[in-house]
Amino acid sequence: MDNEIIVKNSKLIELQTIVDGIDGIISVAENFNHIPFEIKRVYYIYSLNNPDAIRGKHAHKQLEQVLFCINGSCEIGLDDGTNQQTVVLDKPNVGIYLGVELWHTMDKFSDNCILLVIASDIYKESDYIRNYDEFIRYINQDKK
Ligand code: TYD
C-alpha cells in the first residue's frame, strides 16, 4: 500500500482477496474483525456523473465509517484539524477507516465509481458537523 495515513483517527483496511481462479475474487469485511466496530448501516454512492462533484465536507461526532471504492477510483481528503492529506482509493479490497472528528471530502470520481460505506450507526443528522469553523471549535473544545 502506498498511501501512508498521517491524520488522526484513520487507517487503511486491506481485505484479503479470495481468488477463484479466472472466475472472480471475493473480499470479505466482517463485524469487529476487518471492520473495527459493530456494523449498523451500509450505504453506497454511485451515478457520480458530475466530474466536479465534491461530496462529504463534514465530520462526525460519534459515527465511525469504512469506505471502499468497489469500482473505479476516487480521492478522499482528510483533515484532523492539524494535518491534512489526500488518499486515493482505487482497489476494491482496500478501504479507509474514518473515525470520529475527522473532516473529510470525496472527489475525483472516475467513471462508474461506486463507493461502499460501512457505518457504526444509523443515519443521524445531529451527528454531523457540516461547518468547518464549527469543526475546529468542536475538536478544540473536546481537548479541554
Ligand atoms: P451526506 O452524508 O452529506 O452525503 P456525502 O457525505 O456522501 O456527501 O448525505 C447526503 C444527503 O443524504 C443528506 O441529505 C442526508 C441524506 N442521507 C440519509 O438520509 N441517510 C444516510 O444514511 C446518508 C448517508 C445520507
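Use the structure listed above.
What comes next is a walk through the structure. Values in this document were obtained by computation on a predicted structure and should not be read as measured data.

**Considerations on the overall build of the protein**
In terms of helices and strands, the protein carries one helix and 12 strands. Secondary structure elements in the protein, listed N-terminal to C-terminal, are β-β-β-β-β-β-β-β-β-β-β-β-α. A globule of 144 residues ought to have a C-alpha radius of gyration of about 15 Å, and the protein, at 15 Å, matches this closely. C-alpha atoms of the protein, sized along the principal axes, occupy 55 × 35 × 30 Å. Looking at the 144 residues of the protein, the share that counts as buried comes to 39%.

**A short note on the site of the ligand**
Close to the ligand lie R41, Y43, I45, R55, G56, H58, M106, Y123, Y128 and R130. Here an oxygen atom of the ligand and a side-chain polar atom of R41 are 2.4 Å apart. For the ligand, the accessible surface in isolation is 540 Å², of which the surrounding protein chains cover 63%. Classifying every residue of the shell around the ligand by side-chain character gives five nonpolar, two polar and three charged.

**Comments concerning the environment of F109**
Position of F109 relative to the elements: it lies in the loop between β10 (103–107) and β11 (114–119). A relative accessible area of 11% means that F109 is categorised as buried. Sequence spacing of F109 and E134 is 25 residues, and the spatial spacing of their C-alpha atoms is 27 Å. In this structure F109 touches L48, A53, R55, S73, C74 and L115, once residues within four positions along its chain are discounted.

Conventions adopted
- Residues numbered from 1 in each chain as written.
- Predicted model: local features only at pLDDT ≥ 70, side-chain atom pairs only at ≥ 80, totals over all residues.
- Heavy atoms only, no water.
- Helix = DSSP H or I, 4+ residues; strand = E, 2+ residues; numbered from the N terminus.
- Rg over C-alpha atoms; globule rule 2.2 N^0.38 Å.
- Buried < 20%, exposed > 50% of the residue type's maximum accessible area, 1.4 Å probe, protein only.
- Near = heavy atom within 4 Å.
- Polar contact = N/O pair within 3.5 Å; in protein donor to acceptor, adjacent residues only side chain to side chain.
- Areas by Shrake-Rupley, 256 points an atom, 1.4 Å probe, with all protein chains shown as cover.
- Nonpolar A, V, L, I, M, F, W, Y, C, P; charged D, E, K, R; others polar.
- Contact = heavy atoms within 4.5 Å.

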